[in-house]
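The residues making up each chain are set out below.
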Amino acid sequence: MNCLLLDDEKPALDLLEDNVRQLPYLNIVASCRKPAEVMEILKTQQIDLMFLDIQMPGINGLELLRALEHPPMVIMVTAYGEHALDGFDLDVVDYLIKPVPFPRFLKAVQKAHVLYQSKHVQKKLVLDENDHFFVNANYALVKVKVQEITFIEGMKDYVRINNTDGKPVTTRMGLKIVEERLGSGNFMRVHRSFIIALNKIESIQKSQITVAGVDIPIGEAYRQQFQDYIAQLNF
């Protein structure tokens, strides 16, 4: 995985580099001490994983992450624990508190590596609603028919794929990866924890959608996109 490191303190950055270099599947593309450097590198380099500090002069790590339209995976490495909830709201892979013991660092990176492999090794999900794909579940490859998906729920490192047959399939995968692979044809993310099949919507209220008898909240960040979609369908 191509990595980008950001920390304004050189000793902390040096320690982070040492940890990263101990893992053969990580490749340091750049080590930065200023957020502006990160922005420039992301324009020209393929970055799979970023290690971000939070408290820095000027823009902090969380503000930087919010400013990125399509950020790579992120592991926050900071001395401040009070921003953990903000980090996870931004779908960071993990949140590490300095000083970080190497076993804890390794655990975070392994989590990112699993997500990376899921994205690059598994067969890309096809968009044709007549097709299907396979996911790892219960120590087996389980077939999921695209046209039978009602909604998908994210549960930290797992997703639960709900189907018309009432037998959900749970697999280790990030919701963001599923969103990218299903595309925007018949599926839309309406909440940080939910993707719905648009043709399975039963009713819509101001703050929730009913899909297959289940009430699903509409997240504020996704509300306008969903309203624009509905506006196109209204007579």
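Positions within a chain are numbered from 1, following the residues in the order the chain's sequence is written. Only residues with pLDDT of at least 70 are given local features in this predicted model, and only at 80 or more are side-chain atom pairs given and counted; all residues enter the totals for whole chains, interfaces and linings. To obtain the side-chain values, all non-hydrogen atoms of the structure were used and water was disregarded.

What is the right way to look at the nonpolar core in this model?
In terms of nonpolar packing, the biggest core is built from 39 residues, with Leu-49, Phe-51, Ile-75, Phe-105 and Ile-152 touching the most fellow members. Secondary structure elements are defined from DSSP: runs of H or I of at least 4 residues count as helices, runs of E of at least 2 residues count as strands, and each element is numbered from the N terminus. The greatest single-element share of this core, amounting to 5 residues, is contributed by helix H5 (residues 102-120). If we ignore the near neighbours within four places in the chain, the residues touching Leu-49 are Met-1, Asn-2, Cys-3, Leu-4, Leu-26, Pro-72, Met-73, Val-74, Ile-75 and Ala-112. Put simply, a nonpolar core is a bunch of buried Ala, Val, Leu, Ile, Met, Phe, Trp, Tyr and Cys residues held in one set by side-chain atoms that sit within 4.5 Å of each other. Exposure is judged per residue with a 1.4 Å probe applied to protein chains only, and the accessible area is read against the type maximum: over 50% gives exposed, under 20% gives buried, and values in between give partly exposed. Met-56, Leu-64, Leu-68 and Met-76 belong to the second-largest nonpolar core, a separate cluster that totals 19 residues. Contacts were defined at the residue level, with two residues in contact if any of their heavy atoms lie within 4.5 Å.

Just checking my understanding: could you explain the side chain of Thr-171 for this structure?
With respect to the helices and strands, Thr-171 occurs in strand E10 (residues 169-172). By relative accessible area, which is 2% here, Thr-171 ends up buried. Polar contacts, as used here, are pairs of N or O atoms within 3.5 Å; protein pairs need one atom able to donate a hydrogen and one able to accept it. Residues neighboring in sequence count only if both atoms are side-chain atoms. At a separation of 2.7 Å, a polar atom in the side chain of Thr-171 contacts the main-chain carbonyl oxygen of Asn-136.

Would you take a moment to explain the sheet that holds strand E4 (residues 73-78) for this structure?
Hydrogen bonds between backbone atoms are what pair the strands of a sheet, whose relative direction is either parallel or antiparallel. With respect to topology, 5 strands assemble into an open sheet ordered E2-E1-E3-E4-E5, the strand pairing being parallel. Sheet topology places strand E2 (27-32) and strand E5 (94-97) at the edges, where each strand pairs with a single neighbour. Shown here is a sheet whose adjacent strand axes are inclined to one another by a mean of 20°, direction ignored. Two strands pair under a simple rule: DSSP has to find at least two bridges between them. Pairing analysis gives 5 bridges linking strand E1 (residues 2-6) to E2, with the strands arranged parallel. Following the sheet pairing, Leu-4 is matched in E2 by Ala-30. Every axis in this analysis is a line fitted to C-alpha atoms, fitted for helices over the stretch in contact. Angles between the N-to-C directions lie between 0 and 180 degrees. The sheet contacts of helix H1 (residues 10-21) involve E1, E2 and strand E3 (49-52), and relative to E2 the element is tilted by about 175°. Contacting E1, E2 and E3, helix H2 (residues 35-44) crosses the sheet at an angle of about 160° to E1.

I tried to follow the confidence of the model for the protein chain on my own but got confused; where do I start?
Low pLDDT means the predicted coordinates in that region are not meant to be read closely. Of all residues in the protein chain, 92% have pLDDT values of 70 or greater, and the mean over the chain is 85. Residue-level confidence of the predictor is summarised by pLDDT, bounded by 0 at the bottom and 100 at the top. pLDDT under 50 marks residues 121-130. Its contacts with residues more than four places away, or in other chains, come to 19 contacts.

Is there a simple way to think about the state of the cysteines in this case?
Note: disulfide means a covalent bond formed between the sulfur atoms of two cysteine side chains. Two cysteine sulfur atoms form a disulfide, by the criterion used here, when they sit within 2.5 Å. All told, the structure shown has 0 disulfides when counted by the stated rule. No disulfide involves Cys-3; its sulfur sits 12 Å from the nearest other cysteine sulfur, which is in Cys-32. Residue Cys-32 is classed as buried on the basis of its relative accessible area, which comes to 1%.

Any chance you could explain the pairing of E1 here in plain terms?
Along any regular strand the residues' side chains alternate between the sheet's two faces. Among the 5 residues that make up E1, 4 are buried, leaving the element largely enclosed by the rest of the structure. Regarding the hand of the β-α-β motif, the stretch spanning E1, H1 and E2 is right-handed. Sheet topology note: the E1/E3 ladder contains 4 bridges and is parallel. When the bridges of E3 are listed, Leu-5 appears paired with Phe-51. Here is how to tell: hold the view so the strands point away, follow the path from the first strand over the helix to the second, and if it runs clockwise the crossover is right-handed.

Just checking my understanding: could you explain the environment of Phe-102 for this structure?
Inspection of the secondary structure assignment puts Phe-102 in helix H5. With a relative accessible area of 27%, Phe-102 lands in the partly exposed category. Contacts of Phe-102, omitting those with residues within four sequence positions, involve Asn-19, Gln-22 and Leu-23.

Help me out: how do you make sense of the environment of Pro-168 in this one?
With respect to the helices and strands, the residue Pro-168 is situated in the loop between strand E9 (158-163) and E10. Apart from the residues lying within four places of it in its own chain, the contact partners of Pro-168 are Arg-160, Ile-161, Asn-162 and Asn-163.

Mind showing me how you'd approach the sheet that holds strand E14 (residues 208-211) here?
Here 3 strands make up an open sheet; going across it, the order is E13-E14-E15 and the pairing antiparallel. Looking at the sheet topology across the chains shown, the edges are occupied by strand E13 (201-204) and strand E15 (214-217). The average angle at which neighbouring strand axes cross in this sheet is 30°, direction not considered. Direction of pairing for E13 relative to E14: antiparallel, over a ladder of 3 bridges. Looking at the pairing, Ser-203 lines up with Thr-210 of E14.

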